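# Breakdown of the fold
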Amino acid sequence: MNDIRTLVGSEPYWNEDYEGIVQLPYNHLAQQPGKNFRTKLINTFNIYYGIDKVRLEQLSELISILHTSSLLIDDIEDNSETRRGIQTSHLKYGTPMTINSANYMYFKAMAVLERIASVRVDGSTEKEENVDGSLLKDLLVIFNAELINLHRGQGLDIYWRDSFPSIIPTESMYFNMVMNKTGGLFRLAVRIMERLKDETDSDSKSLVPLANLIGILFQVRDDYQNLTDETMIKNKGFAEDLSEGKLSFPVIHGLRYALDNEDEGTILFHTIKAKPKELKPKKETIDYLRDVTKSLEYTELKIKEISDLILDPEFVPDNNQEFNTHIISIVKNLSEI
């Protein structure tokens, strides 16, 4: 009984071994190299915002944790078998453990905000950090808003997939969903940087619309490459979006082409319903999207259109040539398919 009294009178016991256990599914994926696109983009945004190095590293850590955690949940929701060329965490460690690990790391990411909101105070013999309560409150509001947006977008994506064929989203519906889902972490980074920037720079152009556009471009390109790119096929498997029944950008175009031509019995409708694992039906579906509906060609044109739009003076600042040069390089890389 004395042990219980001692236990309840202190913080719950935790150690590094326990921490490692809870993080097993997360670390399984995090230790595999990704594209690091978000970190590169944050560094590019910082050419414009000029956040100090320590906070920049903390922000990159926060976004990386959220991205990796969201992939763990995404793989469960899509029943994926591989990610970054390895077995998905939920197949290795089980779905319950992976859900818990992903959710746990969401809150670990939130804890990074406290470090970002800390102000270093130099003492005579030691250094301590005081948390700026007003700043932390603002950062938490931003964090919460964008995590809500991310889950809204993911929820719509799943709902459309699972409701097919009763709902086939329009192009505009798709772009709005992507702005929530894919654009959420880009927008989160920008909004935090805007809050941290020098107060005297309050008249500068917001990069939130630019972040939204880059998120849309990134997802449309990702949808295209899932059906065509050898590297993505190696890391995730051949045309896994078709096996998941995902209503990706090329698929939505193809489905709407079929509806306009009263061809609902097409192989594309059958594939999205059947969610095949076999190569043959997936290859036939890709041929259909390429040769009949011209959806792959249309997606290529849309990628070019969005890329050109990103570089419009409406979305990029006209007073920072270094930033613009880096954005042009990023967009060029994303538009090369």
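Residues numbered from 1 in each chain as written. Predicted model: local features only at pLDDT ≥ 70, side-chain atom pairs only at ≥ 80, totals over all residues. Heavy atoms only, no water.

Looking at an unreviewed UniProt entry, one finds the protein chain named Geranylgeranyl pyrophosphate synthase and attributed to Tetrapisispora phaffii.

## Structural notes on the overall build of the protein chain
Looking only at helices and strands, the protein chain has 18 helices and 4 strands in total. By the compact-globule yardstick of 20 Å for 337 residues, the protein chain fits well, its C-alpha radius of gyration being 22 Å. Dimensions of the protein chain, computed from C-alpha atoms along their principal axes, come out at roughly 75 × 65 × 30 Å. When burial is assessed residue by residue, the protein chain has 49% of its 337 residues classed as buried. (Helix = DSSP H or I, 4+ residues; strand = E, 2+ residues; numbered from the N terminus. Rg over C-alpha atoms; globule rule 2.2 N^0.38 Å. Buried < 20%, exposed > 50% of the residue type's maximum accessible area, 1.4 Å probe, protein only.)

## What to know about the packing of aromatic side chains
Using the criterion set out here, one finds 13 aromatic pairs in the structure. Consider the rings of Phe-175 and Phe-249, whose centres lie 5.8 Å apart with planes at 20°: the pair is stacked. You can see Phe-175 sitting in helix α9 (residues 171–181) and its partner Phe-249 sitting in helix α14 (residues 249–260), a full 74 residues away along the chain. For the pair shown, Phe-175 and Phe-249 are each scored as buried. Every member of this aromatic cluster is reached through a ring pair, and the members are Phe-45, Tyr-48, Tyr-49 and Phe-323. (Phe/Tyr/Trp six-rings, centres within 6.5 Å; stacked < 30°, edge-to-face > 60°.)

## So, a nonpolar patch on the surface
On the surface, Tyr-13, Trp-14, Tyr-18, Ile-21 and Leu-24 cluster together into a nonpolar patch covering about 530 Å² of accessible area. Along the polypeptide, Ile-21 turns up in helix α2 (residues 16–22). (Patch = residues over 30% accessible without salt bridge, like charges linked within 9 Å, V, L, I, M, F, W, Y side chains within 5 Å. Areas by Shrake-Rupley, 256 points an atom, 1.4 Å probe, with all protein chains shown as cover. Salt bridge = Lys/Arg side-chain N within 4 Å of Asp/Glu carboxyl O.)

## Section: helix α5 (residues 53–78)
Look at α5: 37 Å from first C-alpha to last across 26 residues, which is about the 38 Å you get at 1.5 Å a residue. Of all the 26 residues making up α5, 19 are buried; the element is thus mostly covered by neighbouring parts of the structure. Structurally, the start of α5 carries an N-cap: the backbone nitrogen of Val-54 is 3.2 Å from a side-chain oxygen of Asp-52. Once α5 finishes, Asn-79 follows within two positions and takes phi at roughly 55°, a positive value. (Expected span 1.5 Å × (residues − 1). Polar contact = N/O pair within 3.5 Å; in protein donor to acceptor, adjacent residues only side chain to side chain.)

## Some thoughts on the packing of α9 against helix α11 (residues 208–228)
In the contact formed by α9 and α11, the axes pass within 9 Å of each other and the chain directions differ by 110°. Classified by the angle between their axes, α9 and α11 sit roughly perpendicular to one another. Each of Tyr-174, Phe-175, Val-178, Met-179 and Lys-181 in α9 lies in contact with α11, whose residues at this interface are Asn-212, Gly-215, Ile-216, Gln-219, Val-220 and Asp-223. Of the residues in the contact of α9 with α11, the class split is 6 nonpolar, 3 polar and 2 charged. (Axes fitted to C-alpha atoms, helices over the stretch in contact; angles between N-to-C directions. Parallel < 35°, antiparallel > 145°, perpendicular 65-115°, else oblique. Contact = heavy atoms within 4.5 Å. Nonpolar A, V, L, I, M, F, W, Y, C, P; charged D, E, K, R; others polar.)

## A closer look at helix α10 (residues 183–196)
The α-helix advances 3.6 residues per turn, and as a result positions three or four apart in sequence lie on the same side. Compared with the 20 Å implied by 1.5 Å per residue over 14 residues, the 20 Å span of α10 between its first and last C-alpha is a close match. Among the 14 residues in α10, 11 count as buried, and that is most of the element. Among the residues making up α10, those that are buried are Gly-183, Gly-184, Leu-185, Phe-186, Arg-187, Leu-188, Ala-189, Val-190, Ile-192, Met-193 and Leu-196. As for α10, its buried residues are in contact with α4 (37–49), α5, α7 (95–116), α8 (133–163), α9 and α11.

## Remarks on the side chain of Arg-161
Relative to the assigned elements, Arg-161 resides in helix α8. Using a relative accessible area of 12% as the deciding quantity, one classes Arg-161 as buried. A distance of 3.1 Å separates a polar side-chain atom of Arg-161 from the backbone oxygen of Glu-77.

## Topic: the side chain of Thr-182
Position of Thr-182 relative to the elements: it lies in the loop between α9 and α10. Separated by 2.7 Å, the side chains of Thr-182 and Gln-219 make a polar contact. If near-sequence neighbours (up to four positions away) are discounted, Thr-182 is found in contact with Gly-215, Phe-218 and Gln-219.

## Observations regarding the nonpolar core
Counting residues in each nonpolar core, the largest one holds 87 residues, and the members touching the most others are Phe-45, Leu-62, Leu-66, Leu-188, Leu-210, Ile-214 and Ile-310. With 11 residues, the single largest contributor to this core is α11. Once you skip the residues sitting within four places of it in the chain, Leu-210 turns out to touch Phe-45, Ile-310, Phe-315, Val-316, Phe-323 and Ile-327. (Core = buried A, V, L, I, M, F, W, Y, C linked by side-chain atoms within 4.5 Å.)

## Concerning the environment of Thr-98
Mapped onto the fold, Thr-98 is located in helix α7. The exposure class of Thr-98 is buried, given its relative accessible area of 1%. Here the alpha-carbon distance between Thr-98 and Leu-136, two residues 38 residues apart in the chain, equals 29 Å. Apart from residues no more than four positions distant in its own chain, Thr-98 is found in contact with Pro-25, Leu-72, Ile-76, Ser-89, His-90 and Tyr-93. At a separation of 3.4 Å, a polar atom in the side chain of Thr-98 contacts the main-chain carbonyl oxygen of Ser-89. A polar contact of 3.4 Å, which involves the side chain of Thr-98, links it to the backbone nitrogen of His-90.

## Quick look at the pattern of salt bridges
Within this structure, the stated rule accounts for 17 salt bridges. Across the pair Lys-246 and Asp-223 runs a salt bridge, and its minimum N-O distance is 3.5 Å. Separated by 23 residues along the polypeptide, Lys-246 in the loop between α13 (240–244) and α14 and Asp-223 in helix α11 bring together distant segments of the chain. Each member of the pair Lys-246 and Asp-223 is classed as buried. Notably, a salt bridge pairs Asp-291 with Arg-290, separated by 3.2 Å at the nearest N-O pair. The exposure class assigned to Asp-291 is partly exposed, which follows from its relative accessible area of 44%. Counted as one network, the salt bridges with shared partners bring together Asp-74, Asp-75 and Arg-83.

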